[in-house]
Amino acid sequence: SRPSIDCTRSRVSVSGLGQLRVMGDGNSFVTVALFGGVATDLSLGDFTTCTGLTGTAATICANEKANNSAKRLTIPLGASVSAHIPMLITSVNVWVAPRYSINTMVNCPAGAACGSSGGDLRLALGADMPILGLFAIRAAYDMGQIGGKSANYWGLGGSIGFGGVH
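What counts and what doesn't
- Residues numbered from 1 in each chain as written.
- Predicted model: local features only at pLDDT ≥ 70, side-chain atom pairs only at ≥ 80, totals over all residues.
- Heavy atoms only, no water.
- Helix = DSSP H or I, 4+ residues; strand = E, 2+ residues; numbered from the N terminus.
- Buried < 20%, exposed > 50% of the residue type's maximum accessible area, 1.4 Å probe, protein only.
- Contact = heavy atoms within 4.5 Å.
- Areas by Shrake-Rupley, 256 points an atom, 1.4 Å probe, with all protein chains shown as cover.
- Salt bridge = Lys/Arg side-chain N within 4 Å of Asp/Glu carboxyl O.
- Pairing = 2+ DSSP bridges.
- Polar contact = N/O pair within 3.5 Å; in protein donor to acceptor, adjacent residues only side chain to side chain.
- Phe/Tyr/Trp six-rings, centres within 6.5 Å; stacked < 30°, edge-to-face > 60°.

(A) Molecular detail of the overall build of the protein chain. A tally of regular secondary structure across the protein chain gives 1 helix and 8 strands. Of the regular secondary structure in the protein chain, the N- to C-terminal order runs β-β-α-β-β-β-β-β-β. Taking all 166 residues of the protein chain together, 25% fall into the buried category. The contacts in the protein chain between residues at least 6 apart in sequence include a share of 52% that link residues at least 24 apart. For the protein chain, the exposed surface amounts to about 10,800 Å²; the carbon and sulfur share of it is 66%.

Right, dumping it as C-alpha coordinates:
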(Lines give C-alpha, C1' and ligand atoms only; values in the text may rest on other atoms or scores of the structure.)
Protein backbone atom coordinates (compact mmCIF):
# COMPACT_ATOMS: atom_id res chain seq x y z
CA SER A 1 0.00 0.00 0.00
CA ARG A 2 1.16 3.53 -0.68
CA PRO A 3 -0.10 5.73 2.15
CA SER A 4 -0.80 9.38 1.49
CA ILE A 5 1.27 12.11 3.12
CA ASP A 6 -1.38 12.58 5.82
CA CYS A 7 -1.90 8.80 6.22
CA THR A 8 -5.54 9.00 5.14
CA ARG A 9 -5.15 6.47 2.32
CA SER A 10 -5.28 3.04 3.86
CA ARG A 11 -6.03 -0.47 2.71
CA VAL A 12 -7.15 -3.66 4.32
CA SER A 13 -6.19 -7.17 3.32
CA VAL A 14 -8.67 -9.94 2.63
CA SER A 15 -7.67 -13.56 2.34
CA GLY A 16 -8.89 -17.11 2.20
CA LEU A 17 -7.01 -20.30 3.02
CA GLY A 18 -7.86 -23.95 2.48
CA GLN A 19 -6.13 -26.88 4.13
CA LEU A 20 -6.10 -30.61 3.44
CA ARG A 21 -4.87 -32.87 6.23
CA VAL A 22 -2.83 -35.69 4.69
CA MET A 23 -1.58 -37.39 7.85
CA GLY A 24 -2.90 -37.62 11.38
CA ASP A 25 -6.21 -36.71 12.95
CA GLY A 26 -7.45 -34.67 15.92
CA ASN A 27 -5.95 -37.15 18.38
CA SER A 28 -2.59 -37.67 16.64
CA PHE A 29 0.69 -36.50 18.07
CA VAL A 30 1.90 -35.38 14.61
CA THR A 31 -0.25 -33.93 11.83
CA VAL A 32 0.78 -33.02 8.27
CA ALA A 33 -1.32 -30.83 5.98
CA LEU A 34 -1.11 -29.13 2.59
CA PHE A 35 -2.53 -25.65 2.17
CA GLY A 36 -3.17 -22.97 -0.40
CA GLY A 37 -4.95 -19.68 -0.54
CA VAL A 38 -5.30 -16.23 -1.98
CA ALA A 39 -4.94 -12.71 -0.55
CA THR A 40 -5.28 -9.18 -1.88
CA ASP A 41 -5.71 -5.64 -0.60
CA LEU A 42 -8.82 -3.48 -0.79
CA SER A 43 -9.31 0.25 -0.39
CA LEU A 44 -12.38 2.41 0.08
CA GLY A 45 -12.26 3.30 -3.62
CA ASP A 46 -13.06 -0.33 -4.46
CA PHE A 47 -16.53 0.13 -2.98
CA THR A 48 -17.38 3.66 -4.12
CA THR A 49 -18.32 5.17 -7.45
CA CYS A 50 -17.68 8.65 -8.77
CA THR A 51 -21.11 8.80 -10.43
CA GLY A 52 -22.95 11.99 -9.63
CA LEU A 53 -19.87 13.86 -8.44
CA THR A 54 -18.84 17.07 -10.17
CA GLY A 55 -15.93 19.50 -10.12
CA THR A 56 -13.17 18.97 -7.58
CA ALA A 57 -14.97 16.07 -5.88
CA ALA A 58 -15.16 14.18 -9.19
CA THR A 59 -11.47 14.86 -9.89
CA ILE A 60 -10.38 13.71 -6.43
CA CYS A 61 -12.55 10.60 -6.67
CA ALA A 62 -11.22 9.70 -10.15
CA ASN A 63 -7.59 10.24 -9.03
CA GLU A 64 -8.12 8.14 -5.92
CA LYS A 65 -9.58 5.30 -7.97
CA ALA A 66 -6.72 5.50 -10.49
CA ASN A 67 -4.04 5.59 -7.78
CA ASN A 68 -5.52 2.63 -5.88
CA SER A 69 -6.65 0.37 -8.75
CA ALA A 70 -3.52 -1.81 -8.76
CA LYS A 71 -3.72 -4.78 -6.42
CA ARG A 72 -1.08 -7.20 -5.23
CA LEU A 73 -2.43 -10.73 -5.50
CA THR A 74 -0.65 -13.28 -3.29
CA ILE A 75 -1.15 -17.02 -3.64
CA PRO A 76 0.57 -19.02 -0.86
CA LEU A 77 1.14 -22.77 -1.37
CA GLY A 78 2.75 -24.89 1.32
CA ALA A 79 2.72 -27.64 3.88
CA SER A 80 2.52 -27.69 7.65
CA VAL A 81 3.71 -30.10 10.30
CA SER A 82 2.33 -29.82 13.80
CA ALA A 83 2.89 -31.67 17.05
CA HIS A 84 0.27 -31.93 19.79
CA ILE A 85 1.85 -31.87 23.26
CA PRO A 86 -0.58 -32.79 26.07
CA MET A 87 -0.14 -30.99 29.37
CA LEU A 88 -1.85 -31.18 32.75
CA ILE A 89 -5.05 -29.20 32.08
CA THR A 90 -4.57 -28.16 28.44
CA SER A 91 -2.20 -28.86 25.56
CA VAL A 92 0.19 -26.98 23.32
CA ASN A 93 0.38 -27.36 19.56
CA VAL A 94 3.70 -26.41 17.96
CA TRP A 95 3.91 -26.09 14.21
CA VAL A 96 6.09 -25.14 11.27
CA ALA A 97 4.76 -24.17 7.84
CA PRO A 98 7.08 -23.50 4.89
CA ARG A 99 5.41 -21.98 1.83
CA TYR A 100 6.03 -20.48 -1.57
CA SER A 101 4.05 -17.29 -2.13
CA ILE A 102 3.30 -16.36 -5.73
CA ASN A 103 2.99 -12.57 -6.00
CA THR A 104 1.56 -10.69 -8.95
CA MET A 105 0.09 -7.28 -9.66
CA VAL A 106 -3.41 -7.03 -11.16
CA ASN A 107 -5.39 -4.01 -12.45
CA CYS A 108 -2.19 -2.06 -13.06
CA PRO A 109 -3.03 1.12 -15.04
CA ALA A 110 -1.37 1.40 -18.45
CA GLY A 111 2.06 3.01 -18.16
CA ALA A 112 2.21 2.73 -14.36
CA ALA A 113 5.15 1.15 -12.53
CA CYS A 114 3.25 -1.20 -10.23
CA GLY A 115 6.09 -3.49 -9.30
CA SER A 116 7.15 -6.88 -10.48
CA SER A 117 5.61 -10.30 -10.19
CA GLY A 118 7.44 -13.27 -8.76
CA GLY A 119 7.54 -15.52 -5.77
CA ASP A 120 9.02 -15.73 -2.32
CA LEU A 121 9.95 -18.58 0.02
CA ARG A 122 8.61 -17.99 3.54
CA LEU A 123 8.60 -19.97 6.78
CA ALA A 124 6.20 -19.58 9.69
CA LEU A 125 6.53 -21.31 13.03
CA GLY A 126 4.61 -21.00 16.22
CA ALA A 127 2.59 -22.45 19.03
CA ASP A 128 -0.99 -22.30 20.11
CA MET A 129 -2.75 -23.32 23.29
CA PRO A 130 -6.43 -24.31 23.15
CA ILE A 131 -8.63 -23.02 25.98
CA LEU A 132 -11.87 -24.86 26.77
CA GLY A 133 -11.81 -26.53 23.34
CA LEU A 134 -13.25 -23.48 21.59
CA PHE A 135 -10.67 -20.68 21.93
CA ALA A 136 -6.92 -20.63 21.42
CA ILE A 137 -4.03 -18.27 22.08
CA ARG A 138 -1.40 -18.25 19.34
CA ALA A 139 2.13 -16.89 18.98
CA ALA A 140 3.98 -17.07 15.66
CA TYR A 141 7.05 -15.89 13.81
CA ASP A 142 7.00 -15.49 10.02
CA MET A 143 10.28 -15.06 8.15
CA GLY A 144 11.68 -14.90 4.66
CA GLN A 145 11.80 -12.60 1.68
CA ILE A 146 9.15 -10.37 0.13
CA GLY A 147 10.18 -8.91 -3.20
CA GLY A 148 13.80 -9.82 -2.58
CA LYS A 149 13.95 -8.01 0.77
CA SER A 150 14.05 -9.63 4.19
CA ALA A 151 10.71 -9.31 6.01
CA ASN A 152 10.20 -10.95 9.40
CA TYR A 153 7.15 -10.61 11.64
CA TRP A 154 6.12 -11.62 15.16
CA GLY A 155 2.47 -12.17 15.92
CA LEU A 156 0.31 -12.85 18.96
CA GLY A 157 -3.40 -13.46 18.72
CA GLY A 158 -6.44 -15.49 19.51
CA SER A 159 -8.83 -17.64 17.54
CA ILE A 160 -12.22 -19.20 17.84
CA GLY A 161 -12.56 -22.68 16.41
CA PHE A 162 -15.71 -24.62 15.66
CA GLY A 163 -15.66 -28.39 15.66
CA GLY A 164 -12.28 -28.45 17.38
CA VAL A 165 -10.57 -26.58 14.51
CA HIS A 166 -8.38 -23.53 15.25
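(B) Highlighting the environment of Ser 80. Within the secondary structure layout, Ser 80 lies in strand 3 (residues 71-86). Assessed through its relative accessible area of 15%, Ser 80 is described here as buried. Considering only alpha carbons, one finds Ser 80 and Ala 124, 44 residues apart in sequence, at a separation of 9.1 Å.

(C) Spotlight on the pattern of salt bridges. What the rule picks out here adds up to 3 salt bridges. Note that Asp 142 and Arg 99 form a salt bridge whose closest N and O atoms lie 2.9 Å from each other. Of this pair, Asp 142 sits in strand 6 (residues 135-146) while Arg 99 is found in strand 4 (residues 91-106), placing the two residues 43 residues apart along the sequence. Given a relative accessible area of 17%, Arg 99 falls into the buried group. Taking the shortest distance from any N to any O, the salt bridge between Asp 128 and Arg 138 comes out at 3.2 Å. Of this pair, Asp 128 sits in strand 5 (residues 118-131) while Arg 138 sits in strand 6; the two residues are 10 residues apart in sequence, bridging distant segments of the chain. When its relative accessible area of 29% is taken as the criterion, Arg 138 is described as partly exposed. Overlapping salt bridges bring together Arg 99, Arg 122 and Asp 142 as one network.

(D) Geometry of the pairing of strand 3. Looking at chain direction, strand 2 (residues 30-43) and strand 3 are connected through 8 bridges and run antiparallel. Across the sheet, residue Thr 31 finds its bridge partner in strand 3, namely Ser 82. As paired elements, strand 3 and strand 4 share 14 bridges and run antiparallel to each other. Bridged to Gly 78 within strand 4 is Arg 99. Hairpin geometry of strand 3 and strand 4 is characterised by an intervening segment of 4 residues between the two adjacent antiparallel strands.

(E) How the structure looks around the side chain of Thr 31. Within the secondary structure layout, Thr 31 lies in strand 2. With relative accessibility at 14%, the residue Thr 31 sits in the buried group. Setting aside anything within four residues of it in sequence, one finds Thr 31 in contact with Arg 21, Met 23, Gly 24, Asp 25, Ser 80, Val 81 and Ser 82.

(F) Focus on the side chain of Arg 99. A polar contact is formed between the side chain of Arg 99 and the side chain of Asp 142, at a distance of 2.9 Å. Apart from residues no more than four positions distant in its own chain, Arg 99 is found in contact with Phe 35, Pro 76, Leu 77, Gly 78, Asp 120, Leu 121, Arg 122, Leu 123, Ala 124 and Asp 142.

(G) Molecular detail of the packing of aromatic side chains. Counted under the stated rule, the structure contains 1 aromatic pair. Ring plane angle 45 degrees and centroid distance 4.5 Å describe the contact between Tyr 141 and Trp 154, whose orientation is recorded as tilted. Of the two residues, Tyr 141 sits in strand 6 while Trp 154 sits in strand 8 (residues 153-160), which places them 13 residues apart along the sequence. What makes Trp 154 exposed here is its relative accessible area of 72%.

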